[in-house]
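Chain by chain, the residues run as shown.
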Amino acid sequence: MTTNNSISLFERAQQSIPGGVNSPVRAFKSVGGTPVFMERAKGAYLYDADGNRYIDYIASWGPMILGHAYEPVVRAIQQKAEGSTSFGAPTLLEIEMAELIRSMTKNVDLIRMVSSGTEACMSALRLARGYTGRNKFIKFEGCYHGHADAFLVKAGSGLATFDIQTVPGITGGVSNDTLTCAYNDLNAVQALVAANKNEIAAIILEPVAGNMGCILPEPGFVEGLRRICDEEKIVLIFDEVMTGFRLSAGGAQETLHIDADLVCYGKVIGAGMPVGAFGGKKEIMSHIAPLGSVYQAGTLSGNPLAMIAGYTLLKTLKDNPAIYQELSDKTAYLHAGLQKVLEAHGKPFVINRKGSMISIHFSDKPVTDFATAAAADNAYFNRFFHAMLSRGIYLPPSAFESWFLNNALTYADLDETIHAAEESLKAL
Ligand SMILES: *Cc1c(COP(=O)(O)O)cnc(C)c1O
């Protein structure tokens, strides 16, 4: 497979874009080599600037849950664009979007649209602080909640990929209010809460983590957080930017049978357009401006193209719950196939999976938090990544990212992927 066009595009990109990319993980820095420049995509396949075809396991980091260029979404965007791309004034479509999400999630009374997952998490945290009158909050090592200042402490994802511990430009005053614990460590949460009695506004987490590879909450972990938050009047925030509308129509809340106080959405909610949202109980959400005094705004929030794309996708997901079973079955099939070739190969590994999220860590111990994810042989993953890429399989370019399946994947695609994994491992 030749990638000459990608190589020259990357050189050109670096002349005018920092590092040649508009989001760091795209630069392939941790896995090495040149990022592949994409030209178009259809269904489960990406096509790069050299005309190579890849089976896609990123799905734009989640949104393309039904595959790329899903026709109803593309048509809806085209039609909507004729009626203007933005008004800066309210529209019926925004009501329909909010009503649709409310119908899919039983504890979201009010929901506010924003333009990214970052904005959603940032706004939910501000709201939790405004509502409780407290400053501190707890996040978990390896969980990523976007790039707002307060969250860029032990933040997984691209920061873990680049081994960034502290971020220049973020003041001590901001990060001092960010308390961190290991994921799945309920005792550590309890100790932090006791040591900061009546000072903690919120606990925020990825209810199934995807930014240190895929990591599942252990039985009792999320339930324990819910109990602590109830006892201490702390706002429990589920960052469902990855899991929302992916694990099930009702997201991780539905899958794990836990109601958060505030929920953040992104990724799938916009079907590939820039959309995020945060919502929750009326009692808390009514503190947001203009109802309340916690300010939050956005010129392009509720943008008509973004809303019609998201609405069309979410409505399809709501009306066709079998999609989730299909996705889960495909992911389980991939899991079983990879398991078999990895076992035959002999290198220790761990596969974590929930619904259509899955990842491999080359580890001989269970991977349950950031420390165990970081202790895996991630240099080996990087070589595996390139071996797969050269065989037309596009995995996330970092061991600290979950893979996302899309429902356009066929069983033939999955077989091709498993076969490529077998060949890749032989070549390593
Ligand atoms: C991607 C992601 C975000 C940030 O969303 P952006 O749209 O990239 O700003 C926040 N939280 C989680 C869990 C994510 O995966």
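Cut-offs applied
- Residues numbered from 1 in each chain as written.
- Predicted model: local features only at pLDDT ≥ 70, side-chain atom pairs only at ≥ 80, totals over all residues.
- Heavy atoms only, no water.
- UniProt positions renumbered as here; feature names shortened; annotations may be inferred.
- Helix = DSSP H or I, 4+ residues; strand = E, 2+ residues; numbered from the N terminus.
- Contact = heavy atoms within 4.5 Å.
- Expected span 1.5 Å × (residues − 1).
- Buried < 20%, exposed > 50% of the residue type's maximum accessible area, 1.4 Å probe, protein only.
- Near = heavy atom within 4 Å.
- Polar contact = N/O pair within 3.5 Å; in protein donor to acceptor, adjacent residues only side chain to side chain.
- Areas by Shrake-Rupley, 256 points an atom, 1.4 Å probe, with all protein chains shown as cover.
- Nonpolar A, V, L, I, M, F, W, Y, C, P; charged D, E, K, R; others polar.
- Axes fitted to C-alpha atoms, helices over the stretch in contact; angles between N-to-C directions.
- Parallel < 35°, antiparallel > 145°, perpendicular 65-115°, else oblique.
- Left-handed = near helix turned anticlockwise from the far one by under 90°.
- Domains from an automatic or database assignment.
- Buried area = accessible area lost by both parts, 1.4 Å probe.
- Pairing = 2+ DSSP bridges.

As annotated in an unreviewed UniProt entry, the chain carries the name Glutamate-1-semialdehyde 2,1-aminomutase and is attributed to Rurimicrobium arvi. Regarding the chain, the UniProt comment filed under Subunit (unreviewed entry) reads as follows: "Homodimer." According to UniProt, the comment filed for the chain under the heading Catalytic activity (unreviewed entry) is "(S)-4-amino-5-oxopentanoate = 5-aminolevulinate".

J.: Is there a simple way to think about the UniProt feature "modified residue: N6-(pyridoxal phosphate)lysine" (unreviewed entry) in the chain in this case?
T.: Feature annotation in UniProt places "modified residue: N6-(pyridoxal phosphate)lysine" (unreviewed entry) on K267, given in this structure's numbering. Locating K267 in the fold gives a position in the loop between β9 (262–265) and β10 (276–280). Among residues more than four places away in sequence, those in contact with K267 are W61, P63, V241, M242, G272 and V275.

J.: I would appreciate a short explanation of helix α4 (residues 117–132) in the present structure.
T.: Because an α-helix packs 3.6 residues into every turn, residues spaced three or four apart end up facing the same way. In a regular helix each residue adds 1.5 Å, so 16 residues correspond to 22 Å; α4 covers 23 Å between its end C-alpha atoms and thus fits that length. Listed in full, the buried residues belonging to α4 are G117, T118, A120, C121, S123, A124, L125, L127 and A128. Of the residues flanking the end of α4, it is G133, one or two places downstream, whose phi is positive at about 70°.

J.: Can you walk me through the site of the ligand in this structure?
T.: All residues adjacent to the ligand are S116, G117, T118, Y144, H145, G146, E206, N211, D239, V241, M242 and K267. Y144 is positioned with one of its backbone polar atoms (N or O) 3.1 Å from a nitrogen atom of the ligand. Take N211: an N or O atom from its side chain is 3.2 Å from an oxygen atom of the ligand. Compared with its free state, where it exposes 380 Å², the ligand has 84% of that area covered by protein. Residue classes in the shell around the ligand are distributed as three nonpolar, six polar and three charged.

J.: Honestly, the side chain of T417 in this entry has me stumped. Any pointers?
T.: Along the chain, T417 turns up in helix α15 (residues 411–427). On the accessibility criterion, T417 (0% relative accessible area) is buried. If we ignore the near neighbours within four places in the chain, the residues touching T417 are I55, Y57, L334, M388 and I393.

J.: Could you clarify how one ought to interpret the packing of helix α2 (residues 71–81) against helix α11 (residues 304–319) in this entry?
T.: Each pair of packed helices gets described by two things: the angle between the helix axes and the distance between those axes. Relative orientation of the contacting elements α2 and α11 amounts to 150°, with a least axis distance of 9 Å. When the interaxial angle is binned, α2 and α11 end up roughly antiparallel. Where α2 crosses over α11, the two elements pack in a sense that is right-handed. Mapping the contact onto sequence places P72, V73, A76, I77, K80 and A81 in α2 and P304, L305, I308, A309, T312 and L313 in α11. Looking at the contact of α2 with α11 residue by residue, the class counts come to ten nonpolar, one polar and one charged.

J.: I tried to follow the domain arrangement of the chain on my own but got confused; where do I start?
T.: For interface size, the figure often reported is the accessible area lost on association. Under the domain assignment used here, the chain contains domain 1 (4–69 + 321–427) and domain 2 (71–319). Relative placement of domain 1 and domain 2: their C-alpha centres are 25 Å apart. Every contact between the two is made by 37 residues of domain 1 and, on the other side, 40 residues of domain 2. Buried surface at the junction of domain 1 and domain 2, summed over both partners, amounts to about 3,000 Å²; 68% is from carbon and sulfur atoms.

J.: Looking at this structure, how should I read the sheet that holds strand β1 (residues 38–42)?
T.: Strands pair in a sheet through their backbones, by hydrogen bonds, and they do so in one of two ways: parallel or antiparallel. Read across the open sheet, the four strands follow the order β1-β2-β3-β13; overall the sheet is mixed. At either margin of the open sheet sits one strand with a lone partner, and together these are β1 and β13 (393–394). Pairing of β1 with strand β2 (residues 45–48) involves four bridges; the strand directions are antiparallel. Among the inter-strand pairings, R40 is bridged to a residue of β2, identified as Y47. Strand contacts of α15: β2, β3 (53–56) and β13, with the helix running at about 100° to β3, the strand carrying the most contacts.

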